[in-house]
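Each chain is listed here by its residues.
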Amino acid sequence: MSDKPWDGRFSEKTDTSVEAFTSSIHVDKRLYFHDIKGSAAHCKMLAKESIIPEADADDILQGLGKVRLEIERGEFHYDDSLEDIHMHIERSLADKITKAAHKLHTARSRNDQVAVDTRLYLKDAVQEILRQLLTLRQVFVDLAKKHLDVIMPGYTHLQRAQPILFSHHMMAYYEMFTRDFQRFSDGLKRSDVNPLGSAALAGTTYPIDRDYTTKQLGFAKASANSIDAVSDRDYMMEFLSSASICMVHFSRISEEMVLWSSSEFQFIELPDSFATGSSIMPQKKNPDVPELVRGKTGRVFGNMIALFTIMKSLPLAYNRDMQEDKEPLFDTIDTLKACIDIYTKMLPLILIRKEKMLEATRTGYLNATELADYLVGKGVPFRDAHTCAGKAVNYALGKGKELQDLELEEMKLFSKRIESDLFAFLETHTMVDRRKSFGGTATENVKSAIEVAETQLKSEMAGITVRDLDIP
Ligand code: ARG
């Protein structure tokens, strides 16, 4: 056998710097399991269609098993001159079973092979991410359920706006991560397509059975166009986009964790086990976990942009540029999984400072809208009521008081229609529980949102299938 599977037409040896430059084995070696899985299915199909003898297929399957063991035991030898995981496995197979190994690559190309491997790999990774997201969503629901009596200021422009239930805030994140979950499961459908049999780009002359390999590999269907099948990386780009959106959500909650745990807010305290100290300032307890999650958002966005840029303007079909797809893909999978995991562990341990949150709702005129709404209830048009309430706030500011601390006589300066019943409306709990519009923060609404979420989670948990780690 010649040095490389493709060097028959070459009269010079590859320069070692080119070998190092073109090699991707340090990155794509993690595709070994899915590569062997794809090869096993391909081999069985070749035998079934009498393209190779049964006895050779048996040898190949046994040989592939040995290669897998060697890799998993850490005994496998990697070498830049063999470029990628596909050529490594093929060479190792040839070393083990010599003759039959050379038949495995009949009716396929590394172009369809790499597409099979990455699709299989991504499908497994997304299944894991979905399972992780289910648990994370459950954590938000549990937090919401546990702290239903906690009221905090809701913000716009990071200015105190109106009081809300802390649980309502947590359920907002539940909604975001639910959409992420849906985006990942939806993307899964487009990854679930079998490119095997597209060969280099045009299909093959051999009488292959693509439905058979599709079934063997657990794909939903075979790809319909061989050119598209070997040049498509949409499934990766879609995953990287969904992951970026998910990281936006993580970076937003991280920012809130950082703010809320500061001395300025004091709304929460992060568990000691999830915070770090300063090497110079003994008093410091730093929110490094949320900060790092916020920071890692940058690399996930970067990975998405990297792959989009790699794919942009590439002529059909396969181009070597596409080998650069794996680093961003793997890095995003690792980063996202780590962020979901750390948040799932950290969130239940956060100390909620209920009193501090409530106290913060009492200053800053969070009940000004309430005063306007009260006047509307007394027949004043909203715009006029808004002006009256604004004037009352201005007056109270001058007196250094909150609205609820003004006397009825002072209130009457702004509207004759104000009576003593106003003060009940200005109370924090009343403000929250009167916001009963669908999706609003009233306790009864939040309770039903929690119930809906629990039912949703239960049915989704039942729907998640266990990953089949077996080579067919
Ligand atoms: N290592 C390559 C990649 O990841 C596999 C496909 C190579 N195909 C080729 N014709 N050079 O893209």
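Residues numbered from 1 in each chain as written. Predicted model: local features only at pLDDT ≥ 70, side-chain atom pairs only at ≥ 80, totals over all residues. Heavy atoms only, no water.

### Regarding helix 4 (residues 54-72)
Keep this limit in mind: Counting from the N terminus, the helices are DSSP H or I runs at least four residues long and the strands are E runs at least two residues long. Expected helix span is computed as 1.5 Å times (number of residues minus one). The buried label applies to any residue whose accessible area, calculated with a 1.4 Å probe on protein chains only, is under 20% of its type's maximum; exposed applies above 50%, and partly exposed to all values in between. Arc definition: it is the arc formed by the directions from the helix axis to the C-beta atoms. Note on contacts: a residue pair is in contact if any heavy atoms of the two residues lie within 4.5 Å.
Taking 1.5 Å as the rise per residue, helix 4 with 19 residues should run 27 Å; its terminal C-alpha atoms sit 27 Å apart, in good agreement. Along helix 4, the residues classified as buried are D56, A57, I60, G63, L64, V67 and I71. Buried residues of helix 4 fall within an arc of 125° about the axis and therefore sit on the same side. Away from its buried face by more than 90 degrees, helix 4 exposes A55 and Q62. Against helix 3 (32-48) and helix 5 (85-97) lie the buried residues of helix 4. Taken from the residues just after helix 4, G74 is the one with a positive phi, measuring 75°.

### Observations regarding the packing of helix 14 (residues 368-377) against helix 15 (residues 382-399)
Spelled out, the test is: Each axis is a line fitted through C-alpha atoms, and for a helix only the stretch in contact is used; angles between axes span 0 to 180 degrees, taken between their N-to-C directions. Note on terminology: angles under 35 degrees are roughly parallel, angles over 145 are roughly antiparallel, angles of 65 to 115 are roughly perpendicular, and the others are oblique. Take the far helix as your reference; a near helix turned counterclockwise from it by less than a right angle gives a left-handed crossing, and one turned clockwise gives a right-handed crossing. Gly falls in the polar group here, along with every residue not listed as nonpolar (Ala, Val, Leu, Ile, Met, Phe, Trp, Tyr, Cys, Pro) or charged (Asp, Glu, Lys, Arg).
Direction vectors running N to C along helix 14 and helix 15 enclose 135°, while the axes themselves pass 8 Å from each other. Looking at the two axes, helix 14 sits oblique to helix 15. For the element pair helix 14 and helix 15, the recorded crossing hand is right-handed. The residues of helix 15 that touch helix 14, namely those facing A368, L371, A372, D373, L375 and V376, are F382, A385, H386, C388, A389, A392 and V393. Residues belonging to the contact of helix 14 with helix 15 are distributed by class as follows: 11 nonpolar, 1 polar and 1 charged.

### Notes on the nonpolar core
Soluble globular proteins tend to pack their nonpolar side chains together in the buried interior. Worth spelling out the cut-off: Buried Ala, Val, Leu, Ile, Met, Phe, Trp, Tyr and Cys residues that are joined via side-chain atoms within 4.5 Å together make up what is termed a nonpolar core.
Of all hydrophobic cores here, the largest spans 106 residues; its most connected members are F184, F250 and L347. Per element, the largest residue contribution to this core is 15 residues, and it comes from helix 6 (residues 110-146). Excluding anything up to four places from it in sequence, F184 contacts V126, I129, L130, L133, F239, S242, A243, C246 and L336.

### Focus on the pattern of salt bridges
Inclusion rule: In what follows, salt bridge is the name for a side-chain nitrogen of Lys or Arg lying within 4 Å of a carboxyl oxygen of Asp or Glu.
In total, this model carries 34 salt bridges according to the counting rule given. For D56, the salt bridge goes to K99, with nearest N and O atoms at 3.9 Å. On the criterion of sequence distance, the pair formed by D56 in helix 4 and K99 in the loop between helix 5 and helix 6 is long-range, its members being 43 residues apart. A relative accessible area of 7% means that D56 is categorised as buried. The salt bridge involving R190 is made with E238; its shortest N-O contact spans 2.7 Å. Taken together, the residues R190 in helix 7 (residues 166-191) and E238 in helix 10 (residues 234-260) connect sequence positions 48 residues apart. Several salt bridges converge on common partners, so that one network encompasses E83, D84, R110 and R320.

### Quick look at the pairing of strand 2 (residues 159-165)
Filter applied, for reference: Here, any two strands with at least 2 DSSP bridges between them count as paired.
Relative to strand 2, strand 1 (residues 151-156) is paired through 6 bridges, and the arrangement is antiparallel. Counterpart to T156 in the pairing with strand 2 is Q159. Linking two consecutive strands that pair antiparallel, namely strand 1 and strand 2, is a turn of 2 residues; a positive phi of about 55° is found at H157 within it.

### A look at the packing of aromatic side chains
Put simply, the rule is: We call Phe, Tyr and Trp rings a pair once their centres come within 6.5 Å, taking the six-membered ring for Trp, and we label the pair stacked below 30 degrees between planes, edge-to-face above 60, and tilted otherwise. In this scheme, Lys NZ or Arg CZ marks a charge over a ring once it lies within 6 Å of the ring centre and within 35 degrees of the ring normal.
By the definition in use, this model includes 14 aromatic pairs. Ring geometry for W260 against F267: centres 6.4 Å apart, planes inclined by 50°, an arrangement best described as tilted. Ring centres of Y395 and F414 lie 5.4 Å apart, and the angle between their planes is 65°; on these two criteria the pair is classed as edge-to-face. Here F414 lies in the loop between helix 16 (408-412) and helix 17 (422-425) and Y395 lies in helix 15, a separation of 19 residues in the sequence. Take Y395: its relative accessible area is 23%, and that puts it in the partly exposed class. In textbook terms, an aromatic cluster arises when at least three aromatic residues are bridged by ring pairs, as seen for F140, Y173, F177, F250 and Y343. One cation-aromatic arrangement involves K29 over Y78; the distance from NZ or CZ to the ring centre is 4.6 Å.

### Description of the site of the ligand
The condition is simple: We call a residue near a given molecule or strand whenever any one of its heavy atoms falls within 4 Å of it. Here a polar contact is taken to be a pair of N or O atoms separated by no more than 3.5 Å, where protein atoms must pair a possible hydrogen donor with a possible acceptor and residues adjacent in sequence count only if both atoms sit in side chains. Per-residue accessibility takes into account occlusion by the displayed protein chains alone, with areas from the Shrake-Rupley method and a 1.4 Å probe.
The local shell around the ligand consists of S24, D84, H86, R110, N111, V114, Y318, Q323 and K326. In this structure, D84 approaches the ligand through a side-chain N or O atom, which is 2.8 Å from a nitrogen atom. Separating a nitrogen atom of the ligand from a side-chain N or O atom of Q323 is a distance of 2.9 Å. Computed on the free molecule, the ligand has an accessible area of 340 Å², of which 86% lies beneath the protein chains in the complex. Here the element with the most residues in the shell around the ligand is helix 6; it accounts for 3 residues. In terms of residue class, the shell around the ligand is made up of 2 nonpolar, 4 polar and 3 charged.

### A look at the packing of helix 3 against helix 6
Packed helix pairs are specified by the crossing angle of their axes together with the interaxial distance, meaning the distance between the axes. Remark: helix 3 packs on helix 6, axes separated minimally by 9 Å, with the N-to-C direction vectors making an angle of 120°. One finds that helix 3 runs oblique with respect to helix 6. Like other packed secondary-structure pairs, helix 3 and helix 6 cross with a definite hand, here right-handed. In this structure, helix 3 contributes H34, D35, K37, G38 and S39 to the contact, and helix 6 contributes Q113, V116, D117, L120, Y121 and D124. When its residues are assigned to classes, the contact of helix 3 with helix 6 shows 3 nonpolar, 4 polar and 4 charged.

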